[in-house]
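# Descriptive analysis of the structure
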Amino acid sequence: MIKVGQGFDVHQLVSGRRCVIGGVDIPFNRGLLGHSDADVLLHAISDAILGAAGIGDIGKYFPNTDATNKDIDSREILKKVIVLLRQKKYSIINIDATVICELPKLMPYIDQIKKNIALDCNIDIDRVNIKATTTEALGFTGRGEGIAAQAICLIESK
């Protein structure tokens, strides 16, 4: 059986926080606000994987009301999602995701982001595609108020 899932996430940009995207600390004058490290890309990917497996979303497993999730590294979230996926006897065919922001520019970091995701999902890097785009200065991402990410994941039963 082959199944598909999609994920979407948004986090506000604020001063005094790190800007972590795809497990990479991106040099920038602002960072993403959230209960965890607010890695918008890994949250969207995690939700896409959980959605494909039909087992909920990251809010179910990592609620922002749980103090143990405070400032959690989203790579740890992704790794735990992969454990849940394996428990359901599924494996990832591929992941395709897009980060939506005007700044910071992500092109220099895409290869490392892909490596992190492939490693954490235990899949070949050629099964991971990451893109970055802008909204041509429109909307909250265009005004630099936040960053969004969307992801799709294809899985198959083992």
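Further up the page is the structure itself.
Rules used in this analysis
Residues numbered from 1 in each chain as written. Predicted model: local features only at pLDDT ≥ 70, side-chain atom pairs only at ≥ 80, totals over all residues. Heavy atoms only, no water. Helix = DSSP H or I, 4+ residues; strand = E, 2+ residues; numbered from the N terminus. Contact = heavy atoms within 4.5 Å. Buried < 20%, exposed > 50% of the residue type's maximum accessible area, 1.4 Å probe, protein only. Salt bridge = Lys/Arg side-chain N within 4 Å of Asp/Glu carboxyl O. Core = buried A, V, L, I, M, F, W, Y, C linked by side-chain atoms within 4.5 Å.

## Some points on the environment of Ala-53
Note that Ala-53 resides in helix α1 (residues 40-53). Sequence-wise, Ala-53 and Gly-139 are 86 residues apart; in three dimensions their C-alpha atoms are separated by 32 Å. Contact partners of Ala-53, with chain neighbours within four places excluded, come to Lys-3, Leu-85, Tyr-90 and Ile-155.

## Notes on the environment of Val-10
Tracing the backbone shows Val-10 in strand β1 (residues 2-14). Looking at Val-10, the relative accessible area reads 34%, which means it is partly exposed. Linking Val-10 and Leu-78, residues 68 residues apart in sequence, is a C-alpha distance of 17 Å. Beyond its immediate sequence surroundings of up to four residues, Val-10 is in contact with Val-40, Phe-140, Ile-147 and Ala-148.

## Describing the pattern of salt bridges
For the structure shown, the criterion picks out 7 salt bridges. Across the salt bridge formed by Arg-75 and Asp-120, the nearest N and O atoms sit 2.6 Å from each other. Within this pair, whereas Arg-75 is found in helix α3 (residues 74-87), its partner Asp-120 is found in helix α4 (residues 110-121), the two being separated by 45 residues in sequence. With respect to burial, Arg-75 and Asp-120 carry one shared label: buried. Between Lys-79 and Glu-76 there is a salt bridge; the shortest N-O distance is 3.3 Å. Within this pair, Lys-79 and its partner Glu-76 are both found in helix α3, separated by 3 residues, close to a single helical turn.

## Notes on the nonpolar core
What tends to happen in soluble globular proteins is that the nonpolar side chains get buried as a cluster. With 47 residues, the main nonpolar core has Ile-21, Leu-41, Ile-45, Ile-49, Ile-92 and Ile-117 as its most contacted residues. Those elements that place two or more of their residues in this core are α1, α3, β5 (90-100), α4, β6 (128-133) and β7 (146-157). With near-sequence residues (within four places) excluded, Ile-117 lies in contact with Leu-41, Leu-42, Ile-45, Ile-95, Val-128 and Ile-130.

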